[in-house]
Amino acid sequence: SQQGEEDPQALSIQEGENATMNCSYKTSINNLQWYRQNSGRGLVHLILIRSNEREKHSGRLRVTLDTSKKSSSLLITASRAADTASYFCATALIIDDYKLSFGAGTTVTVRA
Amino acid sequence: NAGVTQTPKFQVLKTGQSMTLQCAQDMNHNSMYWYRQDPGMGLRLIYYSASEGTTDKGEVPNGYNVSRLNKREFSLRLESAAPSQTSVYFCASGVTGRGNTIYFGEGSWLTVV
């Protein structure tokens, strides 16, 4: 079974609104990363948060990490049509951080 | 800067045929990966290579073999393709070590009929 699971599976919002998606995982991690995938393309790294960090920002992205609950959230503020994509969380385990384990993703649609 | 390059982009195989997916990176990364992506399943790791000369199984290695030809190249071989191997395959590379952000190729769409 996969380490990370995103929620919700799909999200539809109006341009300018905020989009929030969550990721839960099962075992202790070294870090957690978020990736974006546009339709028909490869994944692109967005942001990495280490296990000793609680919050991180990058432009319109805000990521939180709660290791006690084994969960993370990704917030995209003031969404744009170009943010339409699938978003995946990926975890690097403490015991083997060479490998990243991906969840099934959240598909975000931003309506103009 | 090409990043991670995969070939072919699209391929249709008949059951039982063999083929090799090629991957090359020009970022001087030590680690390389092969993932497959199926609808509703996210990405699943097939094989990875932490450094030149080493390869290890991932989550779903059955039916696949890999070769780390040199630091730049990591190929994935299907010896006897099965319909269950119809998928999108992604190669990725990264710097070995903690905080391992990885960089993906554009994907190879494989259909086995």
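Our structure is the block above this text.
None of these values were measured; they are calculated from a predicted model.

## Considerations on the sheet that holds strand 7 (residues 64–68) of chain B
Residues and elements named next belong to chain B. Strand order across the open sheet formed by 4 strands is 1-3-8-7, with antiparallel pairing between neighbours. Both outer strands of the open sheet, strand 1 (4–7) and strand 7, are each paired with one neighbouring strand and no more. Neighbour-to-neighbour, the strand axes of this sheet turn through a mean angle of 15°, independent of strand direction. As judged from the 3 bridges shared by strand 3 (residues 19–25) and strand 8 (residues 74–78), these two strands associate in the antiparallel manner. Pairing of Leu21 across the sheet is with Leu76, part of strand 8.

## As for the interface of chain B and chain A
Opposite the 25 residues of chain B that make contact, chain A presents 23 residues. Across the contact surface, chain B and chain A share 1 salt bridge. Measuring nitrogen to oxygen at the nearest pair gives 2.3 Å for the salt bridge that ties Arg41 of chain A to Glu106 of chain B. Here chain B is connected to chain A by 4 residue pairs in polar contact (both at pLDDT 80 or more). Of all the secondary structure elements, the ones that give two or more residues to the side of chain B that touches chain A are strand 4 (31–38), strand 5 (42–49) and strand 10 (102–104) of chain B. By residue number, the principal contributor to the side of chain B that touches chain A is strand 5 of chain B, which donates 4 residues. Among the residues making up the side of chain B that touches chain A, the classes are represented as 11 nonpolar, 9 polar and 5 charged.

## A short note on the layout of surface pockets
There is about 170 Å³ of room inside the second largest pocket. Gln37, Asn38, Ser39, Gly40 and Ser86 of chain A are the residues nearest the centre of the second largest pocket, which is lined by 14 residues in total. At the level of elements, strand 9 (85–93) and strand 11 (106–111) of chain A together with strand 9 (87–94) of chain B are the ones that each hand at least two residues to the lining of the second largest pocket. Grouping the amino acids of the lining of the second largest pocket by side-chain chemistry returns 5 nonpolar, 8 polar and 1 charged.

Here is what the cut-offs are and how they apply
Residues numbered from 1 in each chain as written. Chains lettered and ligands numbered in written order. Predicted model: local features only at pLDDT ≥ 70, side-chain atom pairs only at ≥ 80, totals over all residues. Heavy atoms only, no water. Pairing = 2+ DSSP bridges. Helix = DSSP H or I, 4+ residues; strand = E, 2+ residues; numbered from the N terminus. Axes fitted to C-alpha atoms, helices over the stretch in contact; angles between N-to-C directions. Contact = heavy atoms within 4.5 Å. Salt bridge = Lys/Arg side-chain N within 4 Å of Asp/Glu carboxyl O. Polar contact = N/O pair within 3.5 Å; in protein donor to acceptor, adjacent residues only side chain to side chain. Nonpolar A, V, L, I, M, F, W, Y, C, P; charged D, E, K, R; others polar. 1 Å grid on protein atoms, 1.4 Å probe; cavity = no way out; pocket = protein on both sides within 12 Å on 5 of 7 lines; lining within 4 Å. Points joined across faces, edges and corners; volume = space filled by probe spheres on them.

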